[in-house]
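Here is what each chain is made of, one letter per residue.
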Amino acid sequence: MLAEPSDREALRFGDRSLTYAELHEAAGTLAARLRGKRRVAVWATHTIETCVAVVAGLKAGVAVIPLNPKIGERELDHILNDSQPDEILTEPALSFEDHEDFPEPDDETPALIIYTSGTTGPPKGVVLPRRALKSNLDALAAAWEWTADDVLVHGLPLFHVHGLGIGILGPLRRGGTVRHLVRFDVRRAAHELAHGATMMFGVPTMYHRVADEVEQDPELAKAFGSARILVSGSAALPATDHERIAKATGQRVVERYGMSETLMNVSVRASGDRRPGTVGLPLDGVQVRLVDEAGTEVGFDTIGEIEVRGPNLFLEYLNRPDATKEAFRDGWFRTGDMAVREADGYLRIVGRRATDLIKSGGYKIGAGEIENALLEHPDVAEVAVTGEPDDDLGERIVAWVVPAGAAPKPEELSDHVAKLLSPHKRPRVVRFVEALPRNEMGKVLKRALGT
Ligand code: MLC
Ligand code: AMP
């Protein structure tokens, strides 16, 4: 599944690096110990050890559950109870010992289990088989003309499909190099691009910060302009940021559209028309259709829900046959994303079916899980959570709170969510109100909540 041992550099995190030979040895040593286990969780710090642990799981045919290292107590409890890992690997010491070769596990063997938010309830574990990863990484290689000569730079978290699934396993399958920034920073990304890196992956929030800085500094602009390809995904890249970067650097960012359950579905090709606001064409082998509410395909320039079929799809939501069944219609996966198809087939994503899903900084966050967490706070009587447009984050999380008595400090409520769930799920704004707008049935009218 990954490139063979060699003296080429595979991974670099800050000033530490591993060659393919070292990676295979260290991962093989660990894999020998993991063999026969069903699942392991990996505390996904931004380190070489995290990558070695993930590769060890792949070698041994053991499913890996990457965990956000800043995860809160409630969310961690949920994931561990739900997935029942045999072991939790926290930056396992690298050890290079002799070990036997591992037979390639079956393509349908679960490789990664990625936890993703829904509109209500706790996150669900998306079970991704090796087949999905392999086929998707090869389709992306074709789309982006991605080879072993490429050096990818990014600073994405390693517990989602963007940073880990394509951002680490992608270069390792191609035989190229990935340089992880440990913490995303525009200047450090520029430094890598000026010193051998050829590609960058990022969420729109990162490109927004790139746009701000390249406009101020011609050296930075030159570095981003020298990249072979800059790829954005996980949320919509605003056309204004696309144009600002193009103007300052001469480089047009390539957008692709993906999801935990499907990996990548659609992308602008490296050689294609890099139009702002569009995500391009379906990847090789991926079928995409746009349908109305009844499931009938819509024509050009009509908004429909994106449904997907292909080898890139997940196996199931762990322990949730009900949710898995509900996610499909006639064998097609229902993404919940709304789009239109332009005359040349390019897709333009225009929104989401559910208002209760928020994309903030490229993270998908369910309003329901934050509301449930806030309701556990003694000073909260009622609450509704919404997403509001934000130049930097795309959307920011807003909590509308009816206090149970005297209003608590807003930071106290944010910290409460950060501690229980995850810091990126914390409300950035808390607004205290006397009552929430409700319909006759008592359901909160979120659209009536506005500034
Ligand atoms: C802040 N922090 C707190 C806190 N408030 N910690 C505890 N309690 C609190 N109340 C900490 C944070 O953990 C973090 O720690 C630091 O403070 C800053 O946090 P932040 O303010 O949230 O960071 P921000 O600048 O907003 O981050 C922007 C960002 C980030 C772009 C870097 O949002 C990000 O990494 N996004 C990537 C999301 C992603 O990969 N999505 C892909 C999903 S897959 P510290 O230690 O860092 O300082 C997908 C499919 C697809 O969507 O198509 O790809
Ligand atoms: P996740 O479940 O965290 O994997 O997030 C997947 C969601 O991110 C998709 O369903 C989309 O709503 C959103 N997304 C990913 N890429 C894009 C993109 N290029 N443009 C708009 N939305 C995107």
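You'll find the structure just up there.
To keep things clear, this report deals only with the structure shown in the data block. (Residues numbered from 1 in each chain as written. Chains lettered and ligands numbered in written order. Predicted model: local features only at pLDDT ≥ 70, side-chain atom pairs only at ≥ 80, totals over all residues. Heavy atoms only, no water.)

The next point concerns the overall build of the protein chain. The helix and strand tally for the protein chain stands at 13 helices and 25 strands. By the compact-globule yardstick of 22 Å for 451 residues, the protein chain fits well, its C-alpha radius of gyration being 22 Å. Oriented by its inertia axes, the alpha-carbon framework of the protein chain measures out at about 65 × 50 × 45 Å. Pairs at least 24 residues apart make up 67% of the contacts formed inside the protein chain by residues separated by at least 6 positions. Of the roughly 18,500 Å² of accessible surface on the protein chain, 49% is carried by carbon and sulfur atoms. Here the protein chain contributes 54 positively and 68 negatively charged side chains, and the mean placements of these two sets differ by 1 Å. (Helix = DSSP H or I, 4+ residues; strand = E, 2+ residues; numbered from the N terminus. Rg over C-alpha atoms; globule rule 2.2 N^0.38 Å. Contact = heavy atoms within 4.5 Å. Areas by Shrake-Rupley, 256 points an atom, 1.4 Å probe, with all protein chains shown as cover. Lys, Arg positive; Asp, Glu negative; His and termini not counted. Charge placed at Lys NZ, Arg CZ, Asp CG, Glu CD.)

Right, let's talk about helix α1 (residues 20-34) for a bit. Given 3.6 residues per helical turn, the α-helix brings residues three or four places apart onto the same face. When the terminal C-alpha atoms of α1 are compared, their 20 Å separation across 15 residues agrees well with the 21 Å that a helix rising 1.5 Å per residue should span. Within the span of α1, buried status applies to Tyr20, Leu23, His24, Ala26, Ala27, Gly28, Thr29, Leu30, Ala31 and Leu34. In this fold, the buried residues of α1 make contact with β1 (9-13), β2 (16-19), β3 (39-43), α2 (48-60), β5 (87-89) and α6 (169-174). After α1 finishes, the residue Gly36 shows a positive phi value of roughly 90°. (Expected span 1.5 Å × (residues − 1). Buried < 20%, exposed > 50% of the residue type's maximum accessible area, 1.4 Å probe, protein only.)

What follows is about the site of ligand 2. Around ligand 2 sit 15 residues, and of these Arg256, Ser260, Asp337, Lys359 and Lys364 come closest. One of the side-chain N or O atoms of Lys359 is found 3.0 Å from an oxygen atom in ligand 2. A total of 5 residues in the shell around ligand 2 trace back to one element, the largest contributor, which is strand β12 (residues 254-259). (Near = heavy atom within 4 Å. Polar contact = N/O pair within 3.5 Å; in protein donor to acceptor, adjacent residues only side chain to side chain.)

The subject of this paragraph is unusual backbone geometry. Positive phi is not limited to glycine here, since Asp301 has a value of about 60°. Note on Asp301: relative accessible area 57%, which makes it exposed.

Among the nonpolar cores identified, the biggest contains 127 residues, and Leu11, Trp144 and Phe224 are the most heavily contacted of them. For this core, the element with the highest residue contribution is α2, accounting for 9 residues. Among residues more than four places away in sequence, those in contact with Leu11 are Arg16, Ser17, Leu18, Leu23, Ile48, Cys51, Ile168, Leu172 and Val178. Membership of the second largest hydrophobic core comes to 10 residues, among which are Ile113, Tyr115, Val127 and Leu318. (Core = buried A, V, L, I, M, F, W, Y, C linked by side-chain atoms within 4.5 Å.)

Quick look at the packing of helix α8 (residues 204-214) against helix α9 (residues 218-225) now. Where α8 meets α9, the closest approach of the two axes is 8 Å, and the angle between their N-to-C directions is 135°. Taken together, the axis directions place α8 and α9 in an arrangement best described as oblique. Here Val210, Glu213 and Val214 of α8 come into contact with α9, specifically with Leu220, Ala221 and Phe224. A class-by-class count of the residues in the contact of α8 with α9 yields 5 nonpolar, no polar and 1 charged. (Axes fitted to C-alpha atoms, helices over the stretch in contact; angles between N-to-C directions. Parallel < 35°, antiparallel > 145°, perpendicular 65-115°, else oblique. Nonpolar A, V, L, I, M, F, W, Y, C, P; charged D, E, K, R; others polar.)

Among the 5 residues that make up strand β13 (residues 263-267), 5 are buried, leaving the element largely enclosed by the rest of the structure. Here β12 pairs with β13 via 4 bridges, running antiparallel. Of the residues in β13, the one forming a bridge with Arg256 is Ser267. Linking β12 to β13, which pair antiparallel, is a turn of 3 residues. Both β13 and strand β14 (residues 281-282) contribute to a ladder of 2 bridges, which runs antiparallel. When the sheet's bridge partners are listed, Ser267 is paired in β14 with Leu281. (Pairing = 2+ DSSP bridges.)

Right, let's talk about the sheet that holds β13 for a bit. What the 9 strands build is an open sheet, ordered β2-β1-β9-β8-β10-β11-β12-β13-β14; its pairing is mixed. Taken across any chain shown, the strands that pair with only one partner, and hence form the sheet edges, are β2 and β14. One ladder, built from 3 bridges, connects β1 with strand β9 (residues 177-180); its direction is parallel. Within β9, the position partnered with Arg12 by the bridge is Arg179. Most of the contacts of α1 go to β2, to which it runs at about 85°, and overall it touches β1 and β2. Contacts between helix α4 (residues 130-144) and the sheet are confined to β10 (199-202), β11 (229-232), β12 and β13, with β13 contributing the most and set at about 25° to the helix.

To continue, consider the pattern of salt bridges. Evaluated as defined, the whole model comprises 41 salt bridges. When the shortest N-O distance is used, the salt bridge between Arg275 and Asp344 registers 2.9 Å. Taken together, the residues Arg275 in the loop between β13 and β14 and Asp344 in the loop between β19 (332-341) and β20 (347-352) connect sequence positions 69 residues apart. Salt bridges sharing common partners tie together Asp273, Arg275, Glu342, Asp344 and Arg348. (Salt bridge = Lys/Arg side-chain N within 4 Å of Asp/Glu carboxyl O.)

So, on to the site of ligand 1. Neighbouring ligand 1 are 25 residues, the closest being Arg183, Ser234, Arg256, Lys359 and Asp415. Within the backbone of Gly258, a nitrogen or oxygen atom sits 3.3 Å from an oxygen atom of ligand 1. In the complex, the protein chains occlude 72% of the 1,100 Å² of accessible area that ligand 1 would expose alone. In terms of residue class, the shell around ligand 1 is built from 10 nonpolar, 7 polar and 8 charged.

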